[in-house]
Structure formats: structure tokens, C-alpha cells
Amino acid sequence: TLLPWIDHIREIGCTALYIGPLFESVGHGYETTDYKKLDSRLGTNEDLKNFVAACHEKEIKVIFDGVFNHTGRDFFAFKDIQQNREHSRYLNWYCNVNFGGNTEYNDGFSYENWGGYNLLVKLNQRNPDVQNYICDVIRFWVDEFDIDGIRLDCANILDFNFMKEMRAKTASMKPDFWLMGEVIHGDYSRWVNPEMLHSVTNYELHKSIYSGFNDHNFFEIAHNVRRLEAVGKSLYTFVDNHDEDRIASKLNHPANLFPVYQLLFTLPGIPSIYYGSEWGIEGKRSRTSDEVLRPALTLSGMDGKAPELISHIAALGKIHAEHDAFHSGSYKELLLTNRQYAFSRSGEHGTLISAVNNDEQPASISIPLPCAASDAVSLLPGEIPFSLENGRLSVTLPANGGAIFKLQEV
């Protein structure tokens, strides 16, 4: 089912696929039963091995979702506790197992869960046996499936020493192995550093982007970028994901999808697309369910939908791939108003300017150049009138749109 998506992923400029929980479970995938067996509803281990190989043939890295905070109740260690109770050798694999308590499952004991759900039994990550087991799982994933990295579910509550050990051990398995953590709040540099993770989710930027557009307040976005400047280039950036409403449902003006994605691809960070949003599909979670955020889609079913948006995203993906400044380049704010925002990214191979407009009318702006330049080249498709004079770039941005320029430096 996923094989046809590989070419599509390449066509929109992506170079990696992060894929949600894959291993044996009894429900939504986060209550793992067996970390070493592909969920039988999805296929066999051989199917998964072949899929990763097919991705690698097209130069797409594959990141698995590592759900290591908790297991399901059918996991072997928990079942041993149910059977052997106080005499189980796995008693300390979980947090606060108490034989004086009970749960709605009537096991005759209670335990610490995750998120208030006794379906999810919280692992004791400080237990060396648990740490060794999880590292063994990761080694199995590398040896069996040749994966390129892991997204750590709820990394904000993972043990720091455990993540340090994971960084060291995975680096020995594969030199460029990538560790990305799900972190919502906090000082991201606590997790992103040479000893721990390579990246974490930039929820702060995610929030500031959609509210910055809806409130006509680019100051919120720019403030967030400045605040995270020290670590921003390493952060995983997104405008929606499996836990958040689709960006097309969050924006007051759907036309703002175009400048929103331009910021995603040109601001500091590692940009990502949540499947389906390249077609601008909508989806809002309810109080009782977020299933609508995770629909089953087919490429044939999306054929012909939102051709302008998907072409725009593909163009941005190409620009991002071809210019190192958007990967590791420095950031400099050049112009900031409530409705217009321009900044430069400078790297080893040149300087680029990204400018966006969240007004319903075209906007003529004059941007100070970050360096001496004799001319500029507009990189996005379409005619964008501009001129260079007296150290400034004058441009008329389209309504709910933007422009990207590569400067010809002198």
C-alpha cells in the first residue's frame, strides 16, 4: 500500500519518511505487544524490510517511531508479572507495581500508567535491564530493517541518562543514525545537544506560525525564531501532525497556506509535511477522538486535488534541497511588520532572502540587503516584480503570498 508513495515523497522534495508505530499491538499502536514483530494488520517483517529497502533505493531515509515510555498489557514482561506476581523477574521493569492495589482490569495489583490510561503500563527507564532491552530492540531494527533513525515518543519524560546511552550506542550502530524526540514545552537545548538528541519537535514555532497568520501578527513568529536561534536549525519543524488539527483547518484564510509553507521551508529548522496536507486536506479533532486527523488516503484518491498547492510545496522542497543556506545557514531578520516579514539565510554557497505577505492585498516593500549584491534571482515560479537599488531590494509581494530571492553577491 505504501510503495506507490515513495515516488510521491521524492516529488515533493522530501528526503526522509517518519512513520508511526509499526509493531505488534492490540489497538492504536502505542500499546506495544512485541517490539520485534511488525503489526500483523500491516504485514510481515519481510514486507517492512522490503519497504525500507525500496525507500533507500530512492534515497529516502526511514525513521521509526520508538514508543519506549510504556508497553501494552500483552507485553511479555507484564504478562510475567500477572502470572508470577511478587516472584516475577520483571517486577522492576515497570514503575510502582503495588500488590496492595488494583485496576479496572482486576489484576490484583496496580501500577503507574501513562496519561491516565491503564492500557499503557509505564516502563522504568532507570532499570539497566530495561535500557539494555530497548537498545537491543533498536539494534534489531537496524540489523533487520536497516533503519536510519528513531522518533522518540514523549521524549520530554524519558530519562536523560537513558537518552545519552541511546545516543552513544546508536552512533556505534550507524554513524549518521538520527534521534528525534517529541517535546512540546521547555528549553529545547536540554534535549538537543552533542550528548543526547539530534532534534526535537518545534511546537513553539508551530503555534506561532498559525496564530501569527490568523492574528496578522508576524511579530509573534519573528520573536519565536529569535528566541530559539541558538538551537533552531536543528529542530524538527511542522505546521500540523497526527496530534494537531490540519493546518488548512486552523487558518482563518485558506490562501495563507502558500506563505505558511514558504516559512516552513525557509525558516531555521528541518521542515516536514504531514501526509495529506500537501493537498490542503482539512481535519479537526473532537473532544473524544482524533481519528479524523489520521485518515486512510490513496494517491489515486488525491489525484487532481489542490494542484497549485502541491506544485508550490514541490517547488519549495526543490529550493530547500538545492541551497545549503536553508539547512545550516545563519538567519537575519530584515523587515518586520504585522503583515509582512522578510529575512535572509546565509550559507557557504550564498545568501537568500525569503519574504512573505499575510495581507489580502499585494504589498510593496523595500528590504535592506544583508550583504552587497549586484542583482538577485527570483526562485519561486511566476513573475515577481523587483529591483535592487541603494542597498535595498524593492518587491511587490502577491496577496497571501511571498517571494524567495538568491542574491548575486559582490
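An account of the accompanying structure is given in this report. Predicted, not measured: the structure shown is a model, and the values here were computed from it.

### A word on unusual backbone geometry
Phase 1: Phi is positive for Arg85, which is not a glycine, with a value near 50 degrees.
Phase 2: When you line up the elements, Arg85 lands in the loop between α3 (76-84) and β6 (113-114).
Phase 3: The phi dihedral of Asn96 falls on the positive side, at around 55 degrees, and the residue is not glycine.
Phase 4: Of note, Asn96 is situated in the loop between α3 and β6.

### Concerning the layout of surface pockets
Phase 1: In this model, the second largest pocket occupies a volume close to 240 Å³.
Phase 2: Together, 14 residues line the second largest pocket, and Phe258, His312, Leu380, Pro381 and Gly402 are the ones closest to its centre.
Phase 3: Secondary-structure elements contributing two or more residues to the lining of the second largest pocket are α9 (257-266) and α11 (307-322).
Phase 4: Ranked by residue count, the leading element in the lining of the second largest pocket is α11, at four residues.
Phase 5: Along the lines of polarity and charge, the residues of the lining of the second largest pocket split into seven nonpolar, six polar and one charged.

### Observations regarding the pattern of salt bridges
Phase 1: Across all of its chains, the model carries 24 salt bridges by this definition.
Phase 2: In this structure, Lys250 engages Glu244 in a salt bridge whose closest nitrogen and oxygen atoms are separated by 2.9 Å.
Phase 3: The exposure class assigned to Lys250 is buried, which follows from its relative accessible area of 13%.
Phase 4: One salt bridge in this structure joins Arg285 and Asp290, with 3.5 Å as the shortest N-O distance.
Phase 5: Overall, Arg285 belongs to the partly exposed group, its relative accessible area being 39%.
Phase 6: Here the residues in one salt-bridge network are Asp65, Arg151, Asp153 and Glu182, joined through shared partners.

### Focus: the pairing of strand β16 (residues 363-368)
Phase 1: Burial of the side chains of β16 is restricted to one face: Ala363, Ile365 and Ile367 are buried, whereas none of Ser364, Ser366 and Pro368 on the reverse face is.
Phase 2: With six bridges connecting them, β16 and strand β19 (residues 392-397) associate as antiparallel partners. Looking at the pairing, Ile365 lines up with Val395 of β19.

Calculation notes
- Residues numbered from 1 in each chain as written.
- Predicted model: local features only at pLDDT ≥ 70, side-chain atom pairs only at ≥ 80, totals over all residues.
- Heavy atoms only, no water.
- Helix = DSSP H or I, 4+ residues; strand = E, 2+ residues; numbered from the N terminus.
- 1 Å grid on protein atoms, 1.4 Å probe; cavity = no way out; pocket = protein on both sides within 12 Å on 5 of 7 lines; lining within 4 Å.
- Points joined across faces, edges and corners; volume = space filled by probe spheres on them.
- Nonpolar A, V, L, I, M, F, W, Y, C, P; charged D, E, K, R; others polar.
- Salt bridge = Lys/Arg side-chain N within 4 Å of Asp/Glu carboxyl O.
- Buried < 20%, exposed > 50% of the residue type's maximum accessible area, 1.4 Å probe, protein only.
- Pairing = 2+ DSSP bridges.

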